[in-house]
Structures are given as C-alpha cells and as structure tokens.
Amino acid sequence: MSEDLQIAISREEGDKAITVMRLRGSLDANTQSVLENKAKEAIDGGAEYLLLDLSAVDYLGSAGMRGIHAITNLLSPDDPSMRSPKLKILNPSPAAAKIFKTLGFDAFIDVYGSVDEAIAAL
Amino acid sequence: MPLKLRASLEQLSHIRDFVVDSATALGVDPALFDDLRLAVDEAVTNIIIHGYGGPGDIELELGTDGTDLVVRLRDQAPEFDPALAPAADLRPLGERDSPGGFGVYLMKSVMDEIHHQTTETGNELTMIKHGAVAKAAPPDAKQGG
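It should be emphasised that the depicted structure is a prediction, and the values quoted were computed from it without experimental measurement.

About the cut-offs
- Residues numbered from 1 in each chain as written.
- Chains lettered and ligands numbered in written order.
- Predicted model: local features only at pLDDT ≥ 70, side-chain atom pairs only at ≥ 80, totals over all residues.
- Helix = DSSP H or I, 4+ residues; strand = E, 2+ residues; numbered from the N terminus.
- Buried ≥ 20, exposed ≤ 12 C-beta atoms within 10 Å, placed from the backbone.
- Contact = placed C-beta atoms within 7 Å.
- Axes fitted to C-alpha atoms, helices over the stretch in contact; angles between N-to-C directions.
- Parallel < 35°, antiparallel > 145°, perpendicular 65-115°, else oblique.
- Left-handed = near helix turned anticlockwise from the far one by under 90°.
- Nonpolar A, V, L, I, M, F, W, Y, C, P; charged D, E, K, R; others polar.
- Core = buried A, V, L, I, M, F, W, Y, C linked by C-beta atoms within 7 Å.

Some details on the environment of Asn46(B)
Residues and elements named next belong to chain B. Along the chain, Asn46 turns up in helix H2 (residues 33-52). When the 22 C-beta atoms within 10 Å are taken as the criterion, Asn46 is described as buried. Along the chain, Asn46 and Thr118 lie 72 residues apart, while their C-alpha atoms are 16 Å from each other. For Asn46, the contacting residues outside a window of four places in its chain are Gly51, Phe80, Pro82 and Gly103.

Regarding the packing of helix H1 (residues 32-44) of chain A against helix H2 (residues 62-75) of chain A
All names here are of chain A. At a minimum axis separation of 9 Å, H1 and H2 run at an interaxial angle of 15 degrees. The angle between H1 and H2 falls in the class roughly parallel. Relative to H2, H1 is oriented so that their crossing is right-handed. Residues Gln32, Leu35, Glu36, Ala39, Lys40 and Ile43 of H1 touch H2, and the partners they reach there are Ala63, Gly64, Arg66, Gly67, Ala70, Ile71, Leu74 and Leu75. Looking at side-chain class alone, the contact of H1 with H2 contains eight nonpolar, three polar and three charged residues.

Comments concerning the nonpolar core
A general trend in soluble globular proteins is that nonpolar side chains are found buried together. Ranked by internal contacts, the top residues of the largest apolar core, which has 71 residues, are Leu50(A), Leu52(A), Val40(B), Ala43(B) and Val44(B). Sort the elements by how many residues they give to this core and H2(B) lands first, with nine residues. Those residues in contact with Val40(B) that lie beyond four places of it in its chain are Ile15(B), Arg16(B), Val19(B), Leu60(B) and Val71(B).

Quick look at the environment of Ser55(A)
Among the secondary structure elements, Ser55(A) is positioned in strand E3 (residues 50-60). With near-sequence residues (within four places) excluded, Ser55(A) lies in contact with Leu90(A), Asn91(A) and Ser93(A).

What follows is the structure in structure tokens.
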C-alpha cells in the first residue's frame, strides 16, 4: 500500500446513497492500483454511486485518469450514454482539474462543489 | 547536478520533488512547476513501463539555455520514441477502446519541444519549455544541460 495516496471512505445518505472517497496525495502510476482496488472493494460491497473528492490531490497524471476511467467502466459496464452516470467528481484541485480538461474527461464526468449538490443531482 | 537512480514507479514522487527543487534553483517561473512535474512524471513512467518493462537506471537533468528550460532524460532501455506512441483516444468515454496515449499527449500539451534520440547506450529524451526562466543566465554561467 502506497503512502503517497491516502483514501478515506464514507457513505452519504440522500434520496440515494453515494459513497464518497476522499483522496489525499498523488494519483500516479504508482498509486493508480490503490484507487482502483479501493473503488472495487466499495463496489463489491454494494456502492452504486461513487463521488471522488480530488480537492487534496496534489498530483494527477495519465495513469490516475486511466484508473478513474476504469472505475467508470466498473460502475457502468454497459452504459450506452457515453457519459459517467455513477461516478462523480468533487472539488478537483487546480492540478487535477487541468488534467481532466486537457484529456476531455470534463465533458463526460460531472464535477460538483459539494456532497449535497452531488447527491441532489443523482 | 543530475539525478541518477534506478527508477521504479515507487520513486515517482521523489522524482517529481527533484524536478521542483531543480526548477526552483534555476529560477523557473513557479506557475510552470505543475506542468514540469507532469511532463517528467509521464516521461519517466513511459521509460519504466514501456522502455525497461520494470525498474531501470535513468539520469534526469534540468538546465537552461537562455530563457528556455531544458530537461534531459537518459536511459539504457530498448529504443522508445514517445513520438511513435499511439495517439490519445479523446472520444467520449464509452467509445474509447483503450485509454492509452494519454501520457505522451500530456507531455506534448505542456512542453514546447520534445526530441528523442538513440544513443550508444539507450535513449535520450529532451524536453524544452520556452521562456520558462525569467532572466537568461550569462553564457559562462549556463547551468546543467
């Protein structure tokens, strides 16, 4: 387990429940599997919607984006909408937001400013 | 001074820290630090994964040429030219066959020039950011490179 990335998980209840994964540290080729494994554990444990809090991510590279893409496929393997209906992003740091935009992920994954806002949009 | 190490994915954060420390010492605009960390991280990750197929020796050096920042990466891996990597697939998520090519795409998006050359012992990758240093050093004080 890498010390470069810590992930705290909580479950927020609204009309629908969403599992919030708060990431702290770097999301790179070394820690990509840490995120994917944590997300898979949550999904296997019944999580239907995931909200990734990226506010404390100080580095996000292409490997991290591949990890996030892999999680969208785990959550919505047969979704025909070409979007990510079940994985949402919360408050990306400037470094993370720039990578989202550069690789075009911002057009397909919704970004929210608060947990309440994300739950309300489910 | 160049950073020489047996690079592995576990050392990526250390390598990114070296980039920021070196860029700071060279007088690089701090607004560019995130871009430089990104370019070097992606390049080193490619060398480890696609070049060596695992940990391997790399040499990383940052220097200046006038107001340009010059980043050089040397390795002894089989030839790997990032320019020949598959293009990034930027179609909508559900249409993307394989999320590959992102690393090189990001490198190109944040650096002004990227050159690869094969050396007697492996590869040398040069990445240049124009105007990254506020004031050009005198010719006899050129650092690194």
